[in-house]
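Listed below, chain by chain, are the residues.
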Amino acid sequence: DVKVTQSSRYLVKRTGEKVFLECVQDMDHENMFWYRQDPGLGLRLIYFSYDVKMKEKGDIPEGYSVSREKKERFSLILESASTNQTSMYLCASTFLDRASEQYFGPGTRLTVT
Amino acid sequence: KQEVTQIPAALSVPEGENLVLNCSFTDSAIYNLQWFRQDPGKGLTSLLLIQSSQREQTSGRLNASLDKSSGRSTLYIAASQPGDSATYLCAVFNAGNNRKLIWGLGTSLAVNP
């Protein structure tokens, strides 16, 4: 079974802190994605990566950066957390064809106070 | 611009009923359509993926249909059970330049014992 894991289920951070969210997949997938999910807005793509050290901006990249140093690991970084980044963050991965089935992690509920 | 709509936003049915969830999209230039399930506070689980050339896909009690020309998909759940209670999300993978998943907001389903 494909497994996508995220470093934390729940996280509480203060405004201005640097926050790292980590995602690891064990199926040798080429593509990895970070989404945020908010009530009434649905899932929005923040960044995705199609290979090690390669990344592309999604729909809402402002205030975020990403890092992919190893194929299995994709990190989302909030350089200076703000209250409007309070959200559910979901990581996903797919094989080379990014149109293929997406496998999701359990999510990280981030609260910024 | 592709838009995905799911109606109704919420649905409550008694156990044992057969039910249909609806998904519509505005641009027929898609690679595939995907249905996901999300339990409260959790990540997403892929249920069915229908390629643009296919008309339907089945998995157990679930059957998803696709009518690309009319921009519609339905997810049919047979003999519903309380364990089916979850939010069901539909997403289309765009063809063309904007190659990514476009998400609906979901239908929240409650199956009452």
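Definitions and cut-offs
Residues numbered from 1 in each chain as written. Chains lettered and ligands numbered in written order. Predicted model: local features only at pLDDT ≥ 70, side-chain atom pairs only at ≥ 80, totals over all residues. Heavy atoms only, no water. Helix = DSSP H or I, 4+ residues; strand = E, 2+ residues; numbered from the N terminus. Rg over C-alpha atoms; globule rule 2.2 N^0.38 Å. Buried < 20%, exposed > 50% of the residue type's maximum accessible area, 1.4 Å probe, protein only. Contact = heavy atoms within 4.5 Å. Lys, Arg positive; Asp, Glu negative; His and termini not counted. Charge placed at Lys NZ, Arg CZ, Asp CG, Glu CD. Areas by Shrake-Rupley, 256 points an atom, 1.4 Å probe, with all protein chains shown as cover. Pairing = 2+ DSSP bridges. Axes fitted to C-alpha atoms, helices over the stretch in contact; angles between N-to-C directions. Buried area = accessible area lost by both parts, 1.4 Å probe. Salt bridge = Lys/Arg side-chain N within 4 Å of Asp/Glu carboxyl O. Polar contact = N/O pair within 3.5 Å; in protein donor to acceptor, adjacent residues only side chain to side chain. Nonpolar A, V, L, I, M, F, W, Y, C, P; charged D, E, K, R; others polar. Core = buried A, V, L, I, M, F, W, Y, C linked by side-chain atoms within 4.5 Å. Patch = residues over 30% accessible without salt bridge, like charges linked within 9 Å, V, L, I, M, F, W, Y side chains within 5 Å.

A. Quick peek at the overall build of chain B. Per the secondary structure count, chain B includes zero helices and 11 strands. Taking 13 Å as the expected radius of gyration for a compact globule of 113 residues, we find that chain B reaches 14 Å, a close match to that expectation. With the C-alpha coordinates aligned to their principal axes, the bounding extent of chain B is approximately 45 × 30 × 20 Å. Per-residue burial over chain B gives 44% buried out of 113 residues. Contacts in chain B between residues at least 24 apart in sequence constitute 54% of all its contacts with a sequence separation of at least 6. Taking the average location of the 9 positive side-chain charges in chain B and that of its 8 negative ones, the two points are 9 Å from each other.

B. How the structure looks around the overall build of chain A. Summing up its helical and strand segments, chain A has zero helices and 11 strands in all. The helix and strand sequence of chain A, counted from the amino end, reads β-β-β-β-β-β-β-β-β-β-β. What you see for chain A is a C-alpha radius of gyration of 13 Å, in line with the 13 Å of a compact globule of 113 residues. Taken along its principal axes, the extent of the C-alpha atoms in chain A is 35 × 25 × 25 Å. In chain A, buried positions account for 49% of the 113 residues. Taking as baseline every contact in chain A between residues at least 6 positions apart, the subset at least 24 positions apart corresponds to 56%. Accessible area for chain A stands at about 5500 Å²; split by element, carbon and sulfur atoms hold 50% of it. If you average the places of the 16 positive and of the 16 negative side-chain charges in chain A, the two averages end up 7 Å apart.

C. Looking closely at the sheet that holds strand 6 (residues 56–59) of chain B. All names here are of chain B. The strand order across the open sheet formed by five strands is 1-3-8-7-6, and the pairing between neighbours is antiparallel. Of all the strands in the sheet, just strand 1 (4–7) and strand 6 have a single pairing partner and so form its edges. Pairs of neighbouring strands in the sheet enclose a mean axial angle of 15 degrees, with direction left out of account. Where strand 1 and strand 3 (residues 19–25) come together, four bridges link them in antiparallel fashion. Note on strand 3: the bridge partner recorded for Val-4 is Phe-25.

D. How the structure looks around the interface of chain B and chain A. At the junction of the two partners, chain B supplies 18 residues and chain A supplies 19 residues. Around 1500 Å² of area is buried between chain B and chain A when both sides are counted, 55% of it from carbon and sulfur atoms. Here chain B and chain A share one salt bridge between them. Close ionic contact of Asp59(A) with Lys100(B) constitutes a salt bridge, the shortest N to O distance being 2.1 Å. Linking chain B with chain A are seven residue pairs in polar contact (both at pLDDT 80 or more). Secondary structure elements with two or more residues in the side of chain B that touches chain A: strand 4 (30–38), strand 5 (44–51), strand 9 (86–94) and strand 10 (101–103) of chain B. Sort the elements by how many residues they give to the side of chain B that touches chain A and strand 4 of chain B lands first, with five residues. Classifying every residue of the side of chain B that touches chain A by side-chain character gives nine nonpolar, six polar and three charged.

E. Just the nonpolar core, in detail. Grouped together as the largest cluster of nonpolar side chains are 23 residues, with contacts concentrated most on Leu33(B), Trp35(B) and Leu75(B). Elements with a minimum of two residues in this core: strand 3, strand 4, strand 5, strand 7 (62–67), strand 8 (72–77), strand 9 and strand 11 (107–112) of chain B. Core analysis: the second largest hydrophobic core is formed by 20 residues, Ile46(A), Tyr47(A), Tyr64(A) and Val112(A) among them.

F. Main features of a nonpolar patch on the surface. All names here are of chain A. Together, Met-27, Phe-95 and Leu-96 line one region of the surface with nonpolar side chains, adding up to about 290 Å² of accessible area. Structurally, Leu-96 is set in the loop between strand 9 (87–94) and strand 10 (103–104). With a relative accessible area of 64%, Leu-96 lands in the exposed category.

G. Layout of unusual backbone geometry. Between Ile7(B) and the following residue, Pro8(B), the backbone shows a cis peptide bond with an omega angle of 0 degrees. Relative to the helices and strands, Pro8(B) is located in the loop between strand 1 and strand 2 (10–14). Despite not being glycine, Asp28(A) has its phi angle at roughly 60 degrees, a positive value.

H. Local environment of the environment of Thr58(B). Residues and elements named next belong to chain B. Looking at where Thr-58 falls in the secondary structure, it is placed in strand 6. Residue classification places Thr-58 among the partly exposed positions, given a relative accessible area of 49%. Along the backbone, Thr-58 and Leu-47 are 11 residues apart, and their C-alpha atoms lie at a distance of 9.4 Å. With near-sequence residues (within four places) excluded, Thr-58 lies in contact with Leu-48 and Asn-63. Looking at Thr-58, its side chain comes within polar contact range of the side chain of Asn-63, at 2.8 Å.

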